[in-house]
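# Observations on chain architecture
Residues per chain are reported as follows:
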Amino acid sequence: MKNLCFFSLALFVATISPLRAQNLAVVDGVPVTRAQLGEFLEAQSGEQTLPYLIDLQLILGELKRRNLGVSEAEIDADLKSKIERDASFADLLKNSLRFKAVRQQIRRDLAMQKLLASEISPPGEAQLLAFWKTHQHFYAQPAQIRVGILLSSSAQRAAQMERALKTSNPRWRRTFAQLVAEQQRSKDSARFINSNDSEEWMTLDQFDGQLREVFAALPQGGISNVQLIPVVPGENTYGIFRKIDFRPEVRPSLFSIRSQVVTDFRLAQIAKREVKKNPANRSWEKSVEAVQIQLRESQPSQRPALRDILTFILRPASENLLAKLKTESRVQIESSDYSQLKSQYQ
């Protein structure tokens, strides 16, 4: 997210020149312009953002020198993969500047990956098939679900709502939507999470194993029994869920993502070398498993792709390559406002 903020600012500053007079707001007849916002943001974060732009140019320049490139189609495919693994990622893209920033960051990541992968020859067919057999589970698009959520911090209230959903007595009978509305009007600490329909698709990975089993057993439109769920640490929360819609896990064929798998194979060879450099590291398989767990803990809503794991392991190699580009390229910091950055590019 920090990188995304830097890229958003970088793109903003880079695009304000032709739009300097554009009004973003008008306060009592006085305009607040895009140029004013850009100047303020540059003053706040320019020293952190300018190196991003310079490093991006160094990486893309080296990619061009090696007769390589990153296509818009590759960026589209990577973006699509991120959304499929984490449906909430789509929310980041509703802002046009943020959307451009995400695409720019993907371009940078793919460019660095191609530079690293270019050191390794493409695999033979037998090598590729063996790699695919071992790692194909990483390429699966996780199952997704839309649910209605009915929560209470009181076990007694949760049991009462469960009875109201099941009773045939019209006097006490309540629909799921009616109970959600009641909870939203209540003073219950969990009232803000109640929803008749999540509307956004959520991956099953966002839920713990118990709830995944409950959702799997429910028919479409079915309503669960009361479940004890971890929402607030140290507090019990009780939930009833309605399964609105479901998309099963999708496993792509090797043919459909062959280019991606070939790149992952090449990156994996370099990553294995990185792991072996430190005798204290565990085996390659254990290292992959450990990184996978670490990434899941940092982003519970997203299932790590193999590329994410490889990128994490390859951070030292990426930093070393970028450091080499900085020393071998000719970078001139021409503005006195950023003279303190000169030492980074000497």
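Read on for a plain summary of the structure. Source: prediction; values computed, not measured.

What counts, and where the lines are drawn
- Residues numbered from 1 in each chain as written.
- Predicted model: local features only at pLDDT ≥ 70, side-chain atom pairs only at ≥ 80, totals over all residues.
- Heavy atoms only, no water.
- Helix = DSSP H or I, 4+ residues; strand = E, 2+ residues; numbered from the N terminus.
- Buried < 20%, exposed > 50% of the residue type's maximum accessible area, 1.4 Å probe, protein only.
- Contact = heavy atoms within 4.5 Å.
- Pairing = 2+ DSSP bridges.
- Arc of directions from axis to C-beta.

## Regarding the environment of V214
Mapped onto the elements of the fold, V214 is located in helix α8 (residues 209–217). For V214, a relative accessible area of 17% puts it in the buried group. Placed 22 residues apart in sequence, V214 and N236 show a C-alpha to C-alpha distance of 18 Å. Those residues in contact with V214 that lie beyond four places of it in its chain are S224 and Q227.

## Side note on the pairing of strand β2 (residues 30–33)
Relative to β2, strand β1 (residues 23–27) runs antiparallel, the two sharing 4 bridges. Residue V26 lies in a different strand from β2, and its bridge partner there is P31. Counting the residues between successive antiparallel strands, the hairpin from β1 to β2 contains 2 residues, one of them, D28, with a positive phi of roughly 50 degrees.

## Quick look at α8
Along α8, the residues that are buried comprise L211, V214 and F215. For α8, the angular spread of the buried residues around the axis is 95 degrees, confining them to a single face. The exposed set on the far side of α8, more than 90 degrees from its buried face, consists of E213, A216 and A217. Looking at the buried positions of α8, the neighbouring elements they touch are β3 (144–152), β5 (227–229) and β6 (237–247).

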